[in-house]
Amino acid sequence: MVSHVRGSYENWPIAGSYIRRVIGEKWTPEFSGKPMNFEQAALSLMPRKVYETFVKEYNEKQWGVSATELSAELCKRFEVRENDDPRLMPHHKYQGIPVDGYANMMKRMLDGIPVWLNCDYLQDRSLVKPTKMTIFTGPIDEFFNHSLGWLKYRGQRRTTEFLPNVDRYQVAGQVNEPLHEGGPHIRTLEWKQMLPPGSVNSAKGTVITREVPFTPDHPQDYEYPFPDEANKRLYQAYRAQAEEVGDVLICGRLGEYKYFDMDHSIARAIVLSKRLAESDKIREAA
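What you see is a predicted model, and the numbers here were worked out from it, not measured in a lab.

Within the chain one finds eight helices and nine strands. Considered along the principal axes of its C-alpha atoms, the chain spans approximately 65 × 55 × 40 Å. Each of the 286 residues in the chain was classed as buried or not, and the buried ones make up 39%. Contacts spanning at least 24 positions in sequence make up 67% of the contacts within the chain whose residues lie at least 6 apart. Surface summary for the chain: the accessible area is close to 17,500 Å², and the carbon and sulfur share equals 54%.

This structure, assessed with the given rule, holds 15 salt bridges. A salt bridge links Glu223 to Arg158, with the nearest nitrogen and oxygen atoms 2.8 Å apart. Residue Glu223 is located in the loop between β7 (206–214) and β8 (224–225), and its partner Arg158 is located in strand β4 (residues 153–163); the two are separated by 65 residues in the primary sequence. Salt-bridge contacts for Arg239 lead to Glu243; the nearest nitrogen and oxygen are separated by 3.5 Å. Highlighted residues: Arg239 and Glu243, both in helix α6 (residues 229–243), separated by four residues, approximately one helical turn. Its relative accessible area of 56% is what places Glu243 among the exposed residues.

Attention now goes to the pairing of strand β1 (residues 2–5). Note that β1 and strand β2 (residues 8–11) share four bridges and pair antiparallel. The residue bridging His4 from the neighbouring strand is Tyr9, located in β2. Summarising the sheet, β1 and strand β5 (residues 174–176) pair through two bridges and their orientation is parallel. Residue pairing in the sheet places Val2 in a bridge with Val175 of β5.

So, on to the pairing of strand β6 (residues 187–190). Strand residues, when the strand is regular, have side chains that alternate between the two faces of the sheet. Burial of the side chains of β6 extends over both faces: Arg187 and Leu189 are buried on one face and Thr188 and Glu190 on the other. Pairing between β5 and β6: three bridges, direction antiparallel. Looking at the pairing, Gln174 lines up with Leu189 of β6. Pairing of β6 with β7 involves four bridges; the strand directions are antiparallel. Within β7, the position partnered with Arg187 by the bridge is Glu211.

A few words on the environment of Thr206. Checked against the element boundaries, Thr206 lands in strand β7. Considering only alpha carbons, one finds Thr206 and Leu163, 43 residues apart in sequence, at a separation of 5.3 Å. Thr206 has contacts with Glu161, Phe162, Leu163, Val166, Asp167, Tyr169, Glu190 and Lys192, leaving out every residue within four places of it along the chain.

On to the sheet that holds β2, then. Pairing between the strands of a sheet comes from backbone hydrogen bonds, and it takes one of two forms, parallel or antiparallel. Read across the sheet, seven strands follow the order β2-β1-β5-β6-β7-β4-β8 without closing on themselves; strand pairing throughout is mixed. Each edge of the sheet is formed by a strand with only one pairing partner; in this case those strands are β2 and β8. Taken strand by strand, helix α3 (residues 48–63) contacts β1, β2, β4, β5, β6, β7 and β8, and its axis lies near 100° from that of β4.

Taken together, the side chains of Met106, Met109, Leu110, Ile113, Val115 and Leu117 define a hydrophobic patch exposed on the protein surface, amounting to about 590 Å² of accessible area. In this fold, Leu117 is placed in the loop between α4 (101–109) and β3 (134–136). Accessibility expressed as a relative area gives 69% for Leu117, which makes it exposed.

Parameters at a glance
Numbering of residues begins from 1 in every chain and follows the order in which that chain's sequence is written. Residues qualify for local features only when their pLDDT is at least 70, as the model is predicted, and side-chain atom pairs are given and counted only at 80 or more; totals for whole chains, interfaces and linings, by contrast, use all residues. For the side-chain quantities, the full set of heavy atoms in the structure was used; hydrogens and water were omitted. The way it works is that DSSP assigns letters per residue, a run of H or I at least four long becomes a helix, a run of E at least two long becomes a strand, and they are numbered from the N terminus. Think of it in three bands: with a 1.4 Å probe and only protein chains considered, a residue is buried below 20% of the maximum accessible area for its type, exposed above 50%, and partly exposed in between. Residue contacts follow a heavy-atom distance rule, with two residues in contact if any of their heavy atoms lie within 4.5 Å. Surface accessibility in these figures is a Shrake-Rupley result with a 1.4 Å probe; residues are shielded only by whichever protein chains are displayed. Here, a salt bridge means any Lys or Arg side-chain nitrogen found within 4 Å of an Asp or Glu carboxyl oxygen. Between any two strands, at least two bridges found by DSSP are needed for them to pair. Here the axes come from fitting lines to C-alpha atoms, over the contacting stretch only for helices, and the angles between their N-to-C directions go from 0 to 180 degrees. Patch definition: residues with relative accessible area over 30% and no salt bridge; like charges joined within 9 Å; nonpolar side chains (Val, Leu, Ile, Met, Phe, Trp, Tyr) joined within 5 Å.

Have a look at this one:
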């Protein structure tokens, strides 16, 4: 993954050699103490030039507000490295995406399970009568009919383009566009570069997708829980309600109002499924 900044391409997360080249060997964080917002948290981790070039405007595009309005906890997703390891998660043993893609992965997971499309469970909950439990992965505030208020979410508009006469469009499979001057999109994806080596040798042209953040009006477009303190408090109030509902598990990125990465989403699903299986065994034994 790389970031495009003012005509150059730099690794993201930022490489240690970039900081030594642009900032120098010795630098100290501009902010110390307990950060009260995202900007303060970022400036406690990285030089201001790195923050303003790679982080500030990217997150303002992503969330649609000033960086000072975002939660300091959002900075837990970033790190400043002393080395030049180009991987997003260097401490993970395995890196990559499913060989056959996520669509086939989901298809195999749902094999043998009835699937209803174009069906809004919340419009008529009587249509589904679970024998043991309902697992709901939609917005938690929508499940409770927004009784305590509306949580805020962000989504992305994606435009996909086929370039028939281009063999390779960009330098990496994902190129971030962190500055406003680069356009409203936050990144461009080139799918050809994410396929297994050797599988695209005969492919003509390439396909790219640009992602532009926006605030959606409809729950079907919700993707990202909004990282600020007001929405965190509102979510916690909804979570207290959810704990009182005995036959429903509300989970997932929208159900738990948490910015899970894909690996964390899968790990969370495995943890929850094991808990349900164990509680089922306990009930049967009783």
